[in-house]
Amino acid sequence: MDTTAAGNLDIPADIAATLVDPVAYADHRIHDSYRWLRANNPLGIARPERFDPFWVVTKHAHIQAISRQNELFHNADRPTTLTNQAVEERVRKITGGPNLVRSLVQMDAPDHPKYRALTQGWFMPANLGKFEARVREIARATVQRMLDKGGACDFVEDVALGYPLHVIMEILGVPEADEPRMLKLTQELFGPQDPDTARSRESLSAELFSAMMQAVVADFSAYFRKITEDRRRNPRDDLATVIANAKIGGDYMPEHDQTSYYMIVATAGHDTTSSSTAGAIWALAEDPAEFAKVKANPELIPGLVDEAIRWMTPVKHFMRSATADTELGGRRIAKGDWLMLCYASGNRDEEVFEDPYRFRSDRKPNRHVAFGYGAHLCLGQYLAKLEMRILFEELLPRLKSLSLDGEVKMTQAYFVNGPKKLPIRFEVN
Ligand code: HEM
């Protein structure tokens with residue numbers, strides 16, 4: 001990791017510190033760091049205290065180049081999300097490997113394509129079309145509840161959090177009564193650094209953090225064990241039935257893999273979609289001209305959806321590790337090196353996006369990397385876009401005006417983050 005083709009590539013310590021500081025993702029300082037890195041050191045090495053050193057990949061082209069070379073850059077060999085040394089050590093003691101779960105994200109070939117194929121068809125637009133009417137019903141009821149608030153609400157609390165959760169639980173086959181439990185577990189898993197959602201409000205020691213994560217995984221495991229037993233006895237037309245009965249090489253998946261599969265499907269789809277949905281409303285509430293433009297041109301709604309996903313980029317990073325010595329962008333990357341793919345930076349890359357900080361529903365093309373790229377490209381991207389499109393098709397025609405009604409607050413997390421409070425005022429048509 002010390003040898004580079006182009007001299008010392010360490011990034012300044014103050015910038016490296018923001019990359020591992022959950023608060024910097026909540027107060028937007030992270031975007032200043034990304035901007036500096038793209039301009040001055042687009043593929044540099046961060047050496048923040050308590051973390052193994054890692055390459056920081058901030059350019060769109062480099063993120064794509066690494067993501068498409070899945071043999072050369074693995075997911076499973078090191079932690080797939082940023083993890084400090086103490087936590088990694090604890091995780092290794094618990095599981096014998098660098099990650100707590102083994103979902104699609106923590107797999108490489110040959111397992112990854114086999115496991116992904118089990119549900120790929122389910123997530124394709126041709127199959128999702130079957131659920132469109134039901135998603136629209138959920139969207140309509142959600143919109144009505146918001147309008148009934150009478151002119152003001154917290155869009156995150158009242159709309160964005162519950163809606164995608166409800167959709168994915170319905171598709172998965174989890175009863176509505178269990179949704180609050182799923183929501184809490186997801187927030188603990190994805191945003192564990194945020195004091196509002198973490199199990200413990202004390203400063204998180206490595207012991208506390210890994211104990212907390214273990215408890216979350218155990219909760220998920222116990223819950224989905226029952227679902228599996230049920231769906232093997234009584235198959236239904238839901239995704240849980242597909243996962244429960246899926247076979248790899250003639251046998252059911254090992255239990256740990258199966259729990260991980262349920263977990264990724266149950267968790268990956270709602271905080272991410274809810275942050276992107278809130279992002280769209282935030283942008284429209286701040287820009288009356290953009291709001292008027294989309295209202296007058298509903299055919300812009302799919303563009304609004306894509307732009308909100310780019311603009312918010314709720315998944316801030318995934319990590320990869322090099323399986324061999326290689327060269328990229330004039331840097332020498334050594335076998336075993338760890339790399340952080342900064343999607344939110346790639347999505348503000350001035351070389352790819354004109355006026356990248358502006359929110360433009362008519363942005364075309366919009367080749368963002370918010371869903372990643374390559375073999376691990378988000379499995380749920382069509383579902384996320386379908387849910388968001390339908391919600392805005394139901395909501396926007398009902399609104400006459402929209403504005404912010406207080407300060408927007410973001411979650412403190414360096415993996416998945418987005419608005420946690422979005423107070424808005426609105427008038428109804
Ligand atoms: C993977 C983002 C919604 C399920 C990913 C990845 C990203 C991402 C960045 C990693 C891609 C890579 O490594 O190249 C998002 C965003 C969403 C969203 C921004 C919403 C706007 C969903 C939904 C689901 C879902 C609704 C459905 C349940 C998955 C799964 C993977 C994944 C299963 C792992 C795929 C693999 O490793 O093969 N997502 N996601 N996501 N996402 Fe999403």
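Since the structure is predicted, the reported quantities are computational estimates derived from the model, not experimental observations.

Participant: Help me understand the sheet that holds strand S3 (residues 73-74) in this model?
Facilitator: Sheets are built from strands that pair by backbone hydrogen bonding, the pairs being arranged parallel or antiparallel. Read from one edge of the open sheet, five strands run S1-S2-S10-S7-S3, paired in mixed fashion. Unpaired on one side and paired on the other, strand S1 (43-46) and S3 mark the two borders of the sheet. In this fold helix H4 (residues 60-68) packs onto S1, strand S2 (54-57), S3, strand S7 (317-322) and strand S10 (338-342), with an angle of close to 125° to the strand it touches most, S10.

Participant: Help me understand the environment of Ala 285 in this model?
Facilitator: Mapping Ala 285 onto the fold places it in helix H15 (residues 271-286). As for Ala 285 and Ala 244, which are separated by 41 residues in sequence, their C-alpha atoms are 43 Å apart. Contact partners of Ala 285, with chain neighbours within four places excluded, come to Leu 402, Ser 403, Leu 404 and Ile 424.

Participant: Teacher, can you tell me more about the nonpolar core here?
Facilitator: Across soluble globular proteins, nonpolar side chains have a tendency to be buried as a group. Phe 155, Leu 172, Phe 224, Phe 392 and Ile 424 are the most contacted members of the largest nonpolar core, which totals 116 residues. With residues near it in sequence (within four places) discarded, Leu 172 still touches Phe 224, Arg 231, Asp 238, Leu 239, Ala 240, Ile 243, Tyr 262, Val 265 and Ala 266. Counting 20 residues, the second largest nonpolar core, distinct from the first, contains Leu 37, Ala 46, Phe 54 and Leu 82.

Participant: When you look at the packing of aromatic side chains in this model, what are you seeing that I'm missing?
Facilitator: Two aromatic rings, taken as a pair, are described by how far apart their centres are and by the angle between their planes. Using the criterion set out here, one finds nine aromatic pairs in the structure. With 5.7 Å between their ring centres and 75° between their planes, Trp 282 and Trp 311 make a pair best called edge-to-face. Taken together, the positions of Trp 282 in helix H15 and Trp 311 in helix H17 (residues 301-312) put the pair 29 residues apart, joining distant regions of the chain. For the pair formed by Trp 282 and Trp 311, the shared burial category is buried.

Participant: Just to check I follow, could you spell out the pattern of salt bridges for this structure?
Facilitator: Should their charged atoms come close, side chains of opposite charge can pair. Evaluation of the coordinates by the stated rule reveals 34 salt bridges. The partner of Arg 136 in a salt bridge is Glu 394, with the nearest N and O atoms 2.8 Å apart. Taken together, the residues span a long stretch of sequence, with Arg 136 in helix H8 (residues 132-147) and Glu 394 in helix H19 (residues 381-395) at a distance of 258 residues. One network of salt bridges, with partners in common, ties together Glu 132, Arg 136, Arg 140, Arg 389, Glu 393 and Glu 394.

Participant: I keep staring at the coordination of the iron atom of the ligand and nothing clicks. Help me out?
Facilitator: Tetrahedral coordination by four donors sets the ideal angle at the metal to 109.5 degrees; octahedral coordination by six donors sets it to 90 or 180 degrees. Just one protein atom donates to the iron atom of the ligand; it is Cys 378 (SG), sitting 2.3 Å from the metal. If you trace the backbone, Cys 378 turns up in the loop between helix H18 (343-346) and H19.

Participant: Help me understand the site of the ligand, please; the structure alone is not making it clear to me.
Facilitator: Close contacts around the ligand come from 29 residues, with His 112, Arg 116, Arg 320, His 376 and Cys 378 the closest. Between the ligand and His 112, the relevant distance is 2.7 Å, taken from an oxygen atom to a side-chain nitrogen or oxygen of the residue.

Participant: Hey, could you run me through the environment of Pro 125 in this one?
Facilitator: Within the fold, Pro 125 resides in helix H7 (residues 125-128). A relative accessible area of 43% means that Pro 125 is categorised as partly exposed. Along the primary structure Pro 125 and Gln 381 are separated by 256 residues, whereas in three dimensions their C-alpha atoms are 9.7 Å apart.

Participant: What is the right way to look at the pairing of S10 in this model?
Facilitator: Each regular strand displays side chains that alternate between the two surfaces of the sheet. Most of S10 sits inside the fold, with five of its five residues counted as buried. Sheet topology note: the S2/S10 ladder contains three bridges and is parallel. For Trp 55, the partnering residue across the bridge sits in S10 and is Leu 339. Sheet topology places S7 next to S10; five bridges connect them, and they run antiparallel. Looking at S10, one finds that His 317 is bridged to Cys 342.

Participant: Sorry, what's going on with the side chain of Lys 59 here?
Facilitator: Considering the arrangement of structural elements, one finds Lys 59 in the loop between S2 and H4. Among the residues examined, Lys 59 registers a relative accessible area of 13% and is labelled buried. When sequence neighbours within four positions are dropped, the list of residues in contact with Lys 59 reads Arg 38, Pro 42, Asp 349 and Glu 351.

Definitions and limits used
- Residues numbered from 1 in each chain as written.
- Predicted model: local features only at pLDDT ≥ 70, side-chain atom pairs only at ≥ 80, totals over all residues.
- Heavy atoms only, no water.
- Pairing = 2+ DSSP bridges.
- Helix = DSSP H or I, 4+ residues; strand = E, 2+ residues; numbered from the N terminus.
- Contact = heavy atoms within 4.5 Å.
- Axes fitted to C-alpha atoms, helices over the stretch in contact; angles between N-to-C directions.
- Core = buried A, V, L, I, M, F, W, Y, C linked by side-chain atoms within 4.5 Å.
- Buried < 20%, exposed > 50% of the residue type's maximum accessible area, 1.4 Å probe, protein only.
- Phe/Tyr/Trp six-rings, centres within 6.5 Å; stacked < 30°, edge-to-face > 60°.
- Salt bridge = Lys/Arg side-chain N within 4 Å of Asp/Glu carboxyl O.
- Donors = N, O, S within 2.8 Å, 3.2 Å for Na, K, Ca; no water.
- Near = heavy atom within 4 Å.
- Polar contact = N/O pair within 3.5 Å; in protein donor to acceptor, adjacent residues only side chain to side chain.

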